[in-house]
Amino acid sequence: MTTPMSAERFADRFRFYRDQPQQQRGVLQLFEAISSTERGEEILDEQAPWAVTFSEQPPQPQPPTGGLDPRGSEEASMAGPQKPAPVKPGDSYLLVNDRDEDLEAYDHSGKFLWKLPCLARGQGADTDWSHTYTDTPPGLYKLGQLYADYEQNPNPPCSDTAIAYGWYSFDLEELEGQEIKAGRAGIMLHGGGSACGWPGAWAPQQPLHPTLGCLRIHNVDLRDKVLPLYRQGTVYVGVFQEKK
């Protein structure tokens, strides 16, 4: 038994597969389906009021000169990135505020996209990021290698990896030497949570517990919010912590 997509979900899939073969096949199939209907000629009329001139593209918002740094007043007193993110069209920026325990997403022009819960929390003092297993070192990162465990098996057996990292995990590539300066390495963005047990760590909205210094968000938010941005362009991450 199939489950029909909503109009919103249909549009989301087209954005998800932008410029990929799946989208091209979908466009051709959609065209053929419309052409075969009784009103196909009317819908596909080049002069229809809703039609956009062939090959005409709406103006694209340009990245801010000098890069993107969307910090607000709440981050002014916190330790964070020392330089703006060098975004270009298609890129995005995730602003992580450990004090507020949230993550805000912005497109390359600085337009706010969404906000969700996030921890940049280790298992040491809240103002310490200089030792192993303490808070995520503040600074500018970008998402690197993706480990898409959910896509390999959405219902995996219990394992240390599935419990600790959840559905998806991303390497965080430091852009200001903040890990090296603190003698740290291996900082990631991921879901899961050993404190959740099994199968709790694999739940869509598992409880958020401190990591060993990585960024942690809900499993479902990694899939539905972060992953589409990652597959669209470079995702920069600014981490803000309380000053020592």
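Below, the structure is looked at part by part. Note that this is a predicted model, so its numbers are computed, not measured.

Moving on: the pattern of salt bridges. Scanning all chains against the criterion turns up eight salt bridges. Put simply, Arg71 and Asp69 hold a salt bridge, and the shortest N to O gap is 3.0 Å. Judged by its relative accessible area of 33%, Asp69 falls in the partly exposed class. Asp91 serves as the salt-bridge partner of Lys88, at 3.4 Å between the closest nitrogen and oxygen. Of the residues examined, Asp91 reaches a relative accessible area of 2% and is grouped as buried. Where salt bridges share partners, they join Asp98, Glu101 and Arg121 into one cluster.

Before going further, it helps to spend a moment on the packing of aromatic side chains. In total, this model carries six aromatic pairs according to the counting rule given. Ring geometry for Tyr150 against Tyr168: centres 6.1 Å apart, planes inclined by 35°, an arrangement best described as tilted. Of the two residues, Tyr150 sits in helix H4 (residues 149–152) while Tyr168 sits in the loop between helix H5 (160–165) and strand S5 (169–174), which places them 18 residues apart along the sequence. Aromatic side chains Phe170 and Tyr230 sit 5.0 Å apart centroid to centroid with 65° between the ring planes, which places their arrangement in the edge-to-face category. With a gap of 60 residues between them, Phe170 in strand S5 and Tyr230 in helix H7 (residues 219–230) connect regions that are remote in the sequence. When its relative accessible area of 0% is taken as the criterion, Phe170 is described as buried. In this structure Tyr230 comes out as partly exposed when scored by relative accessible area, which is 24%. One aromatic cluster is present, formed by Tyr150, Trp167, Tyr168, Trp198 and Trp202 through successive ring pairs.

The next point concerns the environment of Asp221. Its place among the elements puts Asp221 in helix H7. Assessed through its relative accessible area of 12%, Asp221 is described here as buried. Distance from Asp221 to Tyr168, taken between C-alpha atoms, is 9.8 Å for residues 53 residues apart in sequence. Not counting residues up to four positions away in its chain, the partners in contact with Asp221 are Leu116, Pro117 and Val226.

With that settled, consider the pairing of S5. Relative to S5, strand S4 (residues 139–147) runs antiparallel, the two sharing five bridges. Residue pairing across strands places Tyr147 opposite Ser169, the latter belonging to S5. Direction of pairing for S5 relative to strand S6 (residues 188–190): antiparallel, over a ladder of three bridges. Bridging across to S6, Ser169 finds its partner in His190.

About the criteria used
Residues numbered from 1 in each chain as written. Predicted model: local features only at pLDDT ≥ 70, side-chain atom pairs only at ≥ 80, totals over all residues. Heavy atoms only, no water. Salt bridge = Lys/Arg side-chain N within 4 Å of Asp/Glu carboxyl O. Buried < 20%, exposed > 50% of the residue type's maximum accessible area, 1.4 Å probe, protein only. Phe/Tyr/Trp six-rings, centres within 6.5 Å; stacked < 30°, edge-to-face > 60°. Helix = DSSP H or I, 4+ residues; strand = E, 2+ residues; numbered from the N terminus. Contact = heavy atoms within 4.5 Å. Pairing = 2+ DSSP bridges.

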